[in-house]
Amino acid sequence: MRHLLSTEALDRETLTALLDDADEFAEVLTRPQPKVPALRGKTVATMFFEPSTRTRMSFEKAAKALSADTMSFSPGTSSLSKGESLKDTVLTVRAMGVDLMVVRHKATGAPWRIADWLDIPIVNGGDGAHQHPTQALLDCLTIRQHFGTLDGLRIAIVGDIRHSRVARSDIFAMSALGADVTLVGPPTLLPIDPDAWPVDVSHDLDDVLEELDVVYLLRVQTERGGGSVFPSLAEYTTRYGMTTERFRRLKPDAVVLHPGPMNRGVEIGHDVADDERALVLQQVTNGVAARMAVLFALLGGDTDA
Ligand code: CP
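Residues numbered from 1 in each chain as written. Predicted model: local features only at pLDDT ≥ 70, side-chain atom pairs only at ≥ 80, totals over all residues. Heavy atoms only, no water.

**Q** Teacher, can you tell me more about the overall build of the chain here?
**A** A count of helices and strands for the chain gives 11 helices and 9 strands. At 19 Å, the chain has a C-alpha radius of gyration in line with the 19 Å of a compact globule built from 305 residues. C-alpha atoms of the chain, sized along the principal axes, occupy 55 × 45 × 35 Å. When contacts within the chain are restricted to residue pairs at least 6 apart in sequence, those whose partners lie at least 24 apart make up 73%. Side-chain charges in the chain split into 31 positive and 42 negative, and the spacing between the mean points of these groups amounts to 7 Å. (Helix = DSSP H or I, 4+ residues; strand = E, 2+ residues; numbered from the N terminus. Rg over C-alpha atoms; globule rule 2.2 N^0.38 Å. Contact = heavy atoms within 4.5 Å. Lys, Arg positive; Asp, Glu negative; His and termini not counted. Charge placed at Lys NZ, Arg CZ, Asp CG, Glu CD.)

**Q** I would appreciate a short explanation of the site of the ligand in the present structure.
**A** All residues adjacent to the ligand are Ser 52, Thr 53, Arg 54, Thr 55, Arg 104, His 132, Gln 135, Pro 259 and Gly 260. Here an oxygen atom of the ligand and a backbone polar atom of Arg 54 are 2.9 Å apart. At 2.9 Å, a side-chain N or O of Arg 104 approaches an oxygen atom of the ligand. The protein chains hide 90% of the 260 Å² of surface that the ligand would expose on its own. Within the shell around the ligand, the residues separate by chemical class into 1 nonpolar, 6 polar and 2 charged. When residues are assigned to domains, the shell around the ligand turns out to be shared by domain 1 (12-131 + 284-298) and domain 2 (133-280), each giving three or more. (Near = heavy atom within 4 Å. Polar contact = N/O pair within 3.5 Å; in protein donor to acceptor, adjacent residues only side chain to side chain. Areas by Shrake-Rupley, 256 points an atom, 1.4 Å probe, with all protein chains shown as cover. Nonpolar A, V, L, I, M, F, W, Y, C, P; charged D, E, K, R; others polar. Domains from an automatic or database assignment.)

**Q** Teacher, can you tell me more about the domain arrangement of the chain here?
**A** Note on interface size: it is often stated as the accessible area lost on association of the parts. On domain assignment, one finds that the chain holds domain 1 (12-131 + 284-298) and domain 2 (133-280). Of note, the centres of domain 1 and domain 2, computed from C-alpha atoms alone, are 26 Å apart. Listed as interface residues are 27 residues of domain 1 and, on the opposing side, 27 residues of domain 2. Summed over both partners, the interface of domain 1 with domain 2 comes to about 2300 Å²; 54% of that surface belongs to carbon and sulfur atoms. (Buried area = accessible area lost by both parts, 1.4 Å probe.)

**Q** Looking at this structure, I do not really get the side chain of Ser 169. What am I missing?
**A** Along the chain, Ser 169 turns up in helix 6 (residues 165-176). Within the structure, Ser 169 has its side chain in polar contact with the backbone nitrogen of His 132 (distance 2.7 Å). Once residues lying within four places of it in the same chain are set aside, the contact partners of Ser 169 are Thr 7, Gln 131, His 132, Pro 133 and Ala 136.

**Q** Please explain the sheet that holds strand 7 (residues 200-202) as it appears in this structure.
**A** Backbone-to-backbone hydrogen bonds pair the strands of a sheet. The strands run either parallel or antiparallel. The strand order across the open sheet built from 5 strands is 7-6-5-8-9, with neighbouring strands paired in parallel fashion. Edge positions in the sheet fall to strand 7 and strand 9 (255-257), since each has one partner strand and no second. The sheet shows a mean angle of 25 degrees between the axes of neighbouring strands, taken without regard to direction. Here strand 6 (residues 180-184) pairs with strand 7 via 3 bridges, running parallel. Bridging across to strand 7, Thr 182 finds its partner in Asp 200. Packing of helix 5 (residues 133-147) onto the sheet brings it into contact with strand 5 (154-158), strand 8 (214-217) and strand 9, and relative to strand 9 it is tilted by some 165 degrees. (Pairing = 2+ DSSP bridges. Axes fitted to C-alpha atoms, helices over the stretch in contact; angles between N-to-C directions.)

**Q** Where do I start with the packing of aromatic side chains in this structure?
**A** One pair of aromatic rings is described through two measures. These are the centre distance and the angle between the planes. Per the stated rule, a full pass over the model turns up 3 aromatic pairs. With a centroid separation of 5.5 Å and an interplanar angle of 70 degrees, the aromatic rings of Phe 25 and Phe 296 are classed as edge-to-face. Placement of Phe 25 in helix 1 (residues 12-28) and of Phe 296 in helix 11 (residues 280-298) is noted, with a sequence separation of 271 residues between them. Phe 296 matches Phe 25 in its accessibility class, with the two residues each being buried. An angle of 45 degrees between the planes, with centres 5.0 Å apart, marks the rings of Phe 49 and Phe 73 as tilted. Pair noted here: Phe 49 is in the loop between strand 1 (43-48) and helix 2 (54-65) and Phe 73 is in strand 2 (residues 69-73), with a separation of 24 residues, a long-range link. Pair check on accessibility: Phe 49 and Phe 73 agree, each one buried. (Phe/Tyr/Trp six-rings, centres within 6.5 Å; stacked < 30°, edge-to-face > 60°. Buried < 20%, exposed > 50% of the residue type's maximum accessible area, 1.4 Å probe, protein only.)

**Q** What should I look at first to understand the pairing of strand 8 in this one?
**A** The side chains of a regular strand alternate between the sheet's two faces. Neither face of strand 8 is open: one carries Val 214 and Tyr 216, the other Val 215 and Leu 217, and all of them are buried. Pairing geometry for strand 5 and strand 8, over 4 bridges, is parallel. Counterpart to Ala 156 in the pairing with strand 8 is Val 215. Note: strand 8 against strand 9, 3 bridges, orientation parallel. Bridging from a neighbouring strand, Tyr 216 pairs with Leu 257 of strand 9.

**Q** How do you make sense of the environment of Arg 168 when you look at a structure like this?
**A** On the secondary structure map, Arg 168 appears in helix 6. Assessed through its relative accessible area of 14%, Arg 168 is described here as buried. The spacing of Arg 168 and His 130 is 38 residues in sequence and 6.5 Å in space, taken between C-alpha atoms. A polar contact of 3.3 Å, which involves the side chain of Arg 168, links it to the backbone oxygen of Ala 129.

Shown next, in the form of structure tokens:
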């Protein structure tokens, strides 16, 4: 694996190897000294042209836990404001001695362009509504830790799938690991051609609710137009929200995931978000270990270290 840009081409074997490494790194992170020298001497740059809390900070923590140095690019205080191009920006940062870049950009395909321009591994930290592969890894890690496997699990991804890079990455990773994935949402929030994906489709959450092992809730992406395709947020909650009443109807061992940031009271009820079967903070914790596994794989980390 030279870059990690998408989950679409990741097979079961590759995903399983990354998740196995992530489990080991999760153990490292529980030690009194949560650090290994595997990437000593390497430098990881986080190049986030869109806002982030979880992805950016967990990549920085992951790099440091592997003893790599980190550099952080912030567009608002950079020479982008003087008109410097994306290409010149990344060539400039590369010239400072960076070994890997994590890129988030609102433009679909931007990480692929940067991978063409540079001679170092690129990790897609989220491009437009397209892909967010490390989110899928941490989601699969969280589900695998809970159930032991994804094989045969019934997973519903609910909400604004049309604008969701998380959904696009999760669909391929979860399916490759043996889960049955159903997309749930109004037609206006579903992709135009879901038949192209390994999924079932439902427009009625209540129809499938009681069969699910995992309910994966998505935020309505108002910044990408998701809020303009149904009458009101209240109606969205009535039809697709994980309310306390719906939560009670889930199987006793079913769990709820959300990539964050959550809109409490819209796609997820306040009480549901704080329930122990909502694994949202476990997902965040696993984000560090999953990203350690990716950095380790791409930078050829020292296994003995
Ligand atoms: N889930 C996710 O990508 O969160 P951030 O936008 O905070 O990185």
